[in-house]
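An overview of the molecular structure
Chain residues, written in single-letter form:
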Amino acid sequence: MPKLEDISVYFDLLPVLVILLFFRRIKIVPIWVIFLFCIYSFINNQVIIYRDDRALSISDNLQYFTLFEYLTFATVIYFLLRNKLAKLLLIGFSLGFVIFCIVKISAGKMKHFDSIQTSYESIIIISYCLFFLAEQIFNPQIEFIYNSYKFWLIVGMLIYLAGAFFVFAFATQLGEKEERDNFWKIMFVCNIIKNLLFSIAVWLSSKPIKENKKLAL
Amino acid sequence: MIILQLTTSASDTRWTILLGTVVVLALVLTIIVFVIFYQQRVYRFNKKLQQVEEEKQQAMLNASIRFQEEERQRIAADLHDDAGPLLATIRLYLNENLINQDPPTQLQSIYNAKQLIDDAIQLIRNISHSLMPPTLKNFGLESAVNDLFQKITGSGSVHASARFHDYKMRLKVEQESLVFRIVQELVNNVIKHSNAGFIHLTQNISNGSMFFRLHHDGVGLVQAEFEKLNHSALGLGLKNISSRTKVLNGSIFFEIDANKTYYKVTLEVPVDYSKG
C-alpha cells in the first residue's frame, strides 16, 4: 500500500497534468505560476524524501521551499486581488519576508527549520485569502463564486496553510522522528487537498466564464 | 506563537497541534461556506438593484417618448385647429376678390385677409417660441427665466422672481436649454398643483457645480414623494425632469424647510461653460 507521503508528493503533479491537458486554453498568469510551483514542489519533495530531510536540523530544502512557496502564493494573490492598496501592502509584506530570509541566509541560519518563517508566511497568506473572500462578498461579479478558478485557488491555499499552520508552528518542538512523521501526515493530507483544489481551479480556468461587469460596483 | 511554544510542555504540544488544526480548519470551512452562500445573496440583491435601475431608465425613456409624442400632437392640433382655419379663411377672401369686382368690397376683403395673415404669423411665432424661446437662444438662461417669470407675474395669480448671483458666463446651449425646461416644468407644476402665492428662484456656483434653488409657499413635494411618483405610471412631467437631470449629469432634491413654511427644489448641475 502506498504511503501517504508518496501520494502527497505525486499529487503535486495533478495540477501540472491538468494544465498540460488544457494548456492551449489557459492564458491566465496565476495558473502558470502554480504550474511552476507544482513542478518545483514535486522535485523538492523528492529530494527531501531521498535525503530523509524531515530531520529538521538539516532541512535547508524546507527553508528555501517556504520562501518559494510564499512568493508563489503572494504572486497568485497579487493577480487575483482588485484592491490596489491591498496589492501595495502585499508587495511591502513580501519585501519584508524576502529581506528576513536573506538575513537568515547570510547569517548561515537557513539550515534550521524556522517556525517563525512559516508562521509569518501562513498568517500573511491566510489574511490575504480572507481579504479576497471579503472582496468577493462586497463586490460579487459572478452568481456562483465556485464557478471561478480564483475561488478554488484561494480555498486551496487557505485550507493548506490553515491545516498545516499548527504543524509548522510546533514542528521544532516535536521530539522523535516517528512522532514528527505522524504529525507531518496532517500536512500531507492538506497538500493533497490543496492540489485537488488547484486542479479544479486549472480546469475552471480553461473554461470561459461569464462575469457580470455591470455589477462591479 | 513563540509565547505559545514556550508555555506548552512536550505532552501538551501534541494536543495543541491536533486541537488547533481541527479548530482552524473548522473555522476556515465555516468561512468558506458562509462566503459561498452570502456572496450569492449579495449578487442577487445587486442584480435586482440593477434591474430596478434599468426599469427606471426604461420608464424615463417611455416618458420622454410620450412627452415628445404629446408635444407633436399639440403642435399638430395648433396648426390644424388654428392655422388651418385661418389660412382657409384667407383663401376664401382672396377667392371672393376674384369673383367680386366691386372695388370697395375688394378693398375690404384684402384688408380682412391681411388681418388674418397677421394672426397666422403671430400664431406660428407663438408655436415657434413655445418650442424654443428666442430669449433663451439669443440672451441666455438668465434672461429667459426672467422673461418667463415676468409673464407669470403679469398673469396676476403668482408672484414669480429670480435672482442669478453668479451667471457672468453662459452655460453651453444644450445645458441652458435643459435647465430652462426643468425650471419651466417645475414652475408649471407649482402653478398647476401647489396653490402657491410666490415662486422665487436663485442661482449660484459652489465647488464647480451650479445650483438652482426654487422656493414656493404652496403645497409641494418632498424627495420621497418625488421618487415614488417617478417610479409610478403617473408624473410624466416629473419623469421628464428626472431624465433631463440625468442628461445634465446633475441631481435634483425636493424638500420642505424646517418650519414647514415653504418647499424647496434644488437642482445641481456640473458647470460646463460655452466657448462663445
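The model shown is predicted, which means the values in this text are computed figures rather than measured ones.

A few points about the overall build of chain B
When helices and strands are tallied, chain B shows eight helices and five strands. For chain B, the sequential pattern of α-helices and β-strands runs α-α-α-α-α-β-α-β-β-α-α-β-β. Within chain B, the proportion of its 276 residues that are buried is 20%. When contacts within chain B are restricted to residue pairs at least 6 apart in sequence, long-range pairs at least 24 apart make up 64% of them.

Overview of the overall build of chain A
Counting its regular elements, chain A contains eight helices and zero strands. Ordered by position from N to C terminus, the α and β elements of chain A give α-α-α-α-α-α-α-α. By residue count, 38% of the 217 residues in chain A fall in the buried class. Considering only residue pairs separated by 6 or more positions, chain A has 79% of its internal contacts joining residues 24 or more positions apart.

With respect to the interface of chain A and chain B
Across the contact, 29 residues belong to chain A and 23 residues belong to chain B. For the side of chain A that touches chain B, the secondary-structure elements that each account for two or more residues are α6 (115-138), α7 (149-169) and α8 (177-205) of chain A. In terms of residue count, α7 of chain A provides more of the side of chain A that touches chain B than any other element does, nine residues in total.

Description of the confidence of the model for chain A
Residues and elements named next belong to chain A. Mean pLDDT over chain A stands at 83; residues scoring 70 or higher make up 86%. When pLDDT is averaged over each helix and strand of chain A, the minimum, 84, is found for helix α1 (residues 4-11) and the maximum, 92, for helix α2 (residues 13-21). Of the regions scoring below 50 in pLDDT, residues 212-217 engages in 13 contacts with residues more than four places distant in sequence or in other chains.

Topic: the nonpolar core
If you look at the biggest cluster of nonpolar residues, it comprises 54 residues, and the most contacted ones within it are Leu 153, Ile 154, Met 157, Leu 158, Ala 164 and Val 167 of chain A. Mapped onto this core, the elements with two or more residues apiece are α2, α3 (29-51), α4 (60-80), α6, α7 and α8 of chain A together with α2 (10-99) of chain B. Considering every element that reaches this core, the biggest residue donor is α7 of chain A, with 18 residues.

Considering the sheet that holds strand β4 (residues 251-256) of chain B
Residues and elements named next belong to chain B. Strands sit in the order β1-β2-β3-β5-β4 across an open sheet of five strands; the sheet is mixed. Looking along the sheet, the strands with just one partner apiece sit at the ends: β1 (159-164) and β4. Taking each pair of neighbouring strands and ignoring which way they run, the sheet shows an average axis angle of 15°. With eight bridges joining them, strand β3 (residues 209-216) and strand β5 (residues 263-270) adopt antiparallel strand pairing. By the bridge assignment, Ser 209 is partnered in β5 with Pro 270. Sitting on the sheet, helix α6 (residues 173-194) touches β1, β2 (198-206), β3 and β5, and the angle it makes with β3 is about 15°.

What about helix α5 (residues 141-155) of chain B?
Residue and element names in this part refer to chain B. With 15 residues, α5 ought to run about 21 Å at 1.5 Å a step, and its terminal C-alpha atoms sit 21 Å apart, in line with that. Here α5 has its buried residues at Leu 141, Ala 144, Val 145, Leu 148 and Phe 149. The arc enclosing the buried residues of α5, seen along the axis, measures out at 130°, which places them on a common side. Away from the buried face of α5 by more than 90 degrees, exposed residues Lys 151 and Gly 154 are located. As for α5, its buried residues are in contact with α4 (134-139), β1, α6 and β2. At the exit of α5 stands Gly 156, carrying a positive phi of roughly 90°.

Side note on the packing of α6 of chain B against helix α8 (residues 236-247) of chain B
Residues and elements named next belong to chain B. Following both chains from N to C, one finds α6 and α8 inclined at 155°, their axes separated by 10 Å at the closest point. Considered as vectors, α6 and α8 are oriented roughly antiparallel to each other. In this structure, α6 meets α8 at a crossing whose hand is left-handed. Packed against α6, whose contacting residues are Leu 178, Arg 181, Ile 182, Glu 185, Leu 186 and Asn 189, the element α8 presents Gly 237, Asn 240, Ile 241, Arg 244, Thr 245 and Val 247 at the interface.

What about the pairing of β3 of chain B?
Residue and element names in this part refer to chain B. Going residue by residue along β3, you find Met 210, Phe 212, Leu 214 and His 216 tucked away on one face and Ser 209, Phe 211, Arg 213 and His 215 left uncovered on the opposite face. Bridging between β2 and β3 involves eight bridges; their strand directions are antiparallel. If you follow Asn 204 over to β3, its bridge partner there is Phe 211. Counted between consecutive antiparallel strands, the loop separating β2 from β3 contains two residues, among which Asn 207 sits at a positive phi close to 50°.

Examining the pairing of β4 of chain B
All names here are of chain B. Relative to β5, β4 runs antiparallel, the two sharing six bridges. What sits directly across from Ile 252, in β5, is Leu 267. Between β4 and the antiparallel strand that follows it, β5, lie six residues; Lys 260 among them carries a positive phi value of about 55°.

Some details on the confidence of the model for chain B
Residues of chain B with pLDDT of at least 70 account for 94%, and the chain-wide mean is 85. Interface predicted TM-score (ipTM) for the complex: 0.82; the corresponding pTM is 0.61.

As for the environment of Asn 249 of chain B
Positionally, Asn 249 of chain B belongs in the loop between α8 and β4. On a C-alpha basis, the gap between Asn 249 of chain B and Val 269 of chain B in space is 6.8 Å, while along the polypeptide they are 20 residues apart.

The rules we used
Residues numbered from 1 in each chain as written. Chains lettered and ligands numbered in written order. Predicted model: local features only at pLDDT ≥ 70, side-chain atom pairs only at ≥ 80, totals over all residues. Helix = DSSP H or I, 4+ residues; strand = E, 2+ residues; numbered from the N terminus. Buried ≥ 20, exposed ≤ 12 C-beta atoms within 10 Å, placed from the backbone. Contact = placed C-beta atoms within 7 Å. pLDDT = per-residue confidence, 0-100. Core = buried A, V, L, I, M, F, W, Y, C linked by C-beta atoms within 7 Å. Pairing = 2+ DSSP bridges. Axes fitted to C-alpha atoms, helices over the stretch in contact; angles between N-to-C directions. Expected span 1.5 Å × (residues − 1). Arc of directions from axis to C-beta. Parallel < 35°, antiparallel > 145°, perpendicular 65-115°, else oblique. Left-handed = near helix turned anticlockwise from the far one by under 90°.

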